[in-house]
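# Geometric and topological summary
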Amino acid sequence: MSVEPQLETDMIPAVVLMTLLWSTDLQAQSVSPPAELSVRLVNGTTSCSGTVEVFNEGEWSGLCTSWWSMMIEVRFVCRELNCGNPVAESGGPLLEDGRRRVILGGCYGNESSIRQCDIVRGGPGGCNGRTYHHVTCSESVRLVGGSGLCSGRVEVKSNQSWASVCEADFDRQDAEVVCGELGCGVPAALQGGLYGGGEGQTWDKEFQCKGKESLLLDCDTSDRENNTCLPGNAVGLTCSEPDDVRLVGGGSRCAGGVEWYDQGEWRIVGADDWNQDNLAAVVCRQLGCGSTVSVLPGNITRGNGASCSGSEPSLRDCYRMYDLLPGLTVICSDLLVQPDIFLTDPMGGVSRGHQEPEVFRGYSFTITCSTQPQYPGGSFLLTFTGSNRTQTQPAVNHSAAFLFPAADDSHQGNYSCVYDNYVFSHNFSSESELLSLTITASPLPAFIIRHVVVLLILLTAITTSYLYYKPTRRQKRVNRVSNMDLYVNAMEMVSLSSRAEAGPGEERAAQGTE
């Protein structure tokens, strides 16, 4: 028997095994480790959300921050991972797992990598009271070149690269979806070239959102009607700031204690004494409540602390921390709601024109001022443009009526109501819209119309009385006839009964007598 074929058969598995090991070793050598200080997000719901980790000295480390952090500061995370804008950011205690830490000293929002930020590489252990970051970035849309997180040129991710959107392919319903996806408020401005003309690629589809979609790429699209997009017409979008700040307990949306909606609940916002005025300025601006009138410190509480420069468009653009800080009550200048102004005419002397009301000359009219029941008291000042003539009345049940007995040409012009009230140790006022009034000649002389109105009133009263008393008299006659019939019937029954009791003889005698 030959031995050589058996040896060849035994050597085949060994050769295959050595080949596989050699191939695996080559693959392992070809996979290079991540670059130092690379960033990733772990334990998130998407590739653009999760806990931030940094590759540090051969291992992935948690990212610690200083006491203060802000959402705009973590833009570098979204940029480095080719995601969109930061949508949410939060901090929390870092678990002790023995890994080294990278401490983020500070970023300014324009960095493309953590390497451009101030960082400190720490040893194993915790963050010494600091917090670590959870970040959520948008996946497929972003705003570029704006002043904050809610403004900029619209860009959409296409094949892992970003493309500008042509103004003609984007409308307000599309903008509503983008603002919602980025965690902002409703669209405030939409215009081509508002934040630059755009560079590089241009999105080649037309969006057809209904306004209710949660993501822009969930919207329907269609081919562009014409294949040209004019240069410089990349659409720019400004969204209002998110509705995540409120003032409570002050009787107005523009007064009260500051609360911030964070991680599914409303939390008290605190600030150090030296920063309370700046924070209040940001809160009043974000709420559209004018400027700051006063800031009152509150009780020490654990919540969201904030530190602002005073120029930020919203509170989430400020630095924040989780610590014991005094809360604060903010009073903004637009404390009072805008009052209403309207015209009434008891004598029918007002004609509702196409654009403004007209009052007939010689007729009386009343201008009424009213406001919502925010605070008791106050007064209304009725102003007349083009004249120094004003009238003032106290607010009774939050309104006041100004009577004009007879209209003449001097009453023609623009009127407005100014509501004044003294609350929170300050004077506040709010002015209504203008009421434009035109005085015009009556189709008939005023005295004739007055007499006609009086005659109509008298005629109505007489007709009403007649219609009321006529059926009453008829009913009385019917009742009298009915009563007479009943009386006759009763007498006949009594007579029949008497004859029945008298018997036949008495009945014949009675008939003979008759």
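About the cut-offs
Residues numbered from 1 in each chain as written. Predicted model: local features only at pLDDT ≥ 70, side-chain atom pairs only at ≥ 80, totals over all residues. Heavy atoms only, no water. Disulfide = S-S within 2.5 Å. Helix = DSSP H or I, 4+ residues; strand = E, 2+ residues; numbered from the N terminus. Buried < 20%, exposed > 50% of the residue type's maximum accessible area, 1.4 Å probe, protein only. Contact = heavy atoms within 4.5 Å. Polar contact = N/O pair within 3.5 Å; in protein donor to acceptor, adjacent residues only side chain to side chain. Pairing = 2+ DSSP bridges. Axes fitted to C-alpha atoms, helices over the stretch in contact; angles between N-to-C directions. Salt bridge = Lys/Arg side-chain N within 4 Å of Asp/Glu carboxyl O. 1 Å grid on protein atoms, 1.4 Å probe; cavity = no way out; pocket = protein on both sides within 12 Å on 5 of 7 lines; lining within 4 Å. Points joined across faces, edges and corners; volume = space filled by probe spheres on them. Nonpolar A, V, L, I, M, F, W, Y, C, P; charged D, E, K, R; others polar.

## A closer look at the state of the cysteines
Counted according to the given criterion, the structure contains nine disulfides. Bridging Cys209 to Cys219, the disulfide has an S-S length of 2.1 Å. As the torsion about the S-S bond is roughly 105 degrees, the Cys209-Cys219 disulfide counts as right-handed. One end of the pair, Cys209, is in the loop between strand E12 (205-208) and strand E13 (220-223); the other, Cys219, is in the loop between E12 and E13, with 10 residues separating them in the sequence. Across this residue pair, the class does not change: Cys209 and Cys219 are buried.

## Focus on the environment of Asn414
With respect to the helices, strands and loops of the structure, Asn414 is situated in strand E27 (residues 413-423). A residue is classified by how much of its surface remains accessible, and Asn414, at 25% relative accessible area, is partly exposed. Distance from Asn414 to Leu435, taken between C-alpha atoms, is 5.4 Å for residues 21 residues apart in sequence. In this view, Asn414 contacts Thr383, Phe384, Thr385, Leu434, Leu435 and Ser436; residues no more than four positions away in its chain are not counted. A polar contact is formed between the side chain of Asn414 and the side chain of Ser436, at a distance of 2.7 Å.

## Re the sheet that holds strand E26 (residues 399-404)
The antiparallel open sheet is built from three strands, whose spatial order is E20-E23-E26. On the outer flanks of this sheet lie strand E20 (340-344) and E26, each paired with one strand and no other. On average, each strand axis in the sheet is inclined to that of its neighbour by 20 degrees, with strand direction left out of account. Across six bridges, the pairing between strand E23 (residues 365-370) and E26 is antiparallel. When the sheet's bridge partners are listed, Ile367 is paired in E26 with Phe402.

## Things to note about the pattern of salt bridges
A pair can form between side chains of opposite charge whenever their charged atoms are brought close. Summed over all chains, the structure comprises nine salt bridges. Residue Asp409 is joined to Arg361 by a salt bridge in which the shortest nitrogen-to-oxygen separation is 3.0 Å. Within this pair, whereas Asp409 is found in the loop between E26 and E27, its partner Arg361 is found in the loop between strand E22 (357-360) and E23, the two being separated by 48 residues in sequence. Under the relative-accessibility criterion, Arg361 is labelled partly exposed at 35%. Through salt bridges with shared partners, one network takes in Arg142, Arg153 and Glu155.

## A word on empty space enclosed by the protein
Any empty space left between atoms is shown by rolling a water-sized probe over those atoms. Summed over the entire model, instances satisfying the criterion amount to two cavities of 30 Å³ or more. Each pocket or cavity is described by its volume, and for the largest cavity that value is around 50 Å³. Lining the largest cavity are Leu382, Phe384, Arg389, Thr390, Gln391, Phe404 and Tyr415. Listed by contribution, the elements that provide at least two residues to the lining of the largest cavity are strand E24 (379-384) and strand E25 (390-394). Taken together, the residues that form the lining of the largest cavity break down as four nonpolar, two polar and one charged.

## Quick look at helix H3 (residues 172-181)
Listed in full, the buried residues belonging to H3 are Asp174, Ala175, Val177, Val178, Cys179 and Glu181. Between a side-chain oxygen at the N-terminus of H3 and the backbone nitrogen of Gln173 the separation is 3.2 Å; the capping residue is Asp171. Immediately downstream of H3, the backbone of Gly183 shows phi near 75 degrees, a positive value.

## With respect to unusual backbone geometry
Phi at Gln160 is positive, roughly 65 degrees, even though this residue is not glycine. Position of Gln160 among the secondary structure elements: in the loop between strand E9 (151-158) and strand E10 (161-164). Its relative accessible area of 59% is what places Gln160 among the exposed residues. In this structure, His398 is a non-glycine residue whose phi angle is positive, near 65 degrees. Inspection of the secondary structure assignment puts His398 in the loop between E25 and E26.

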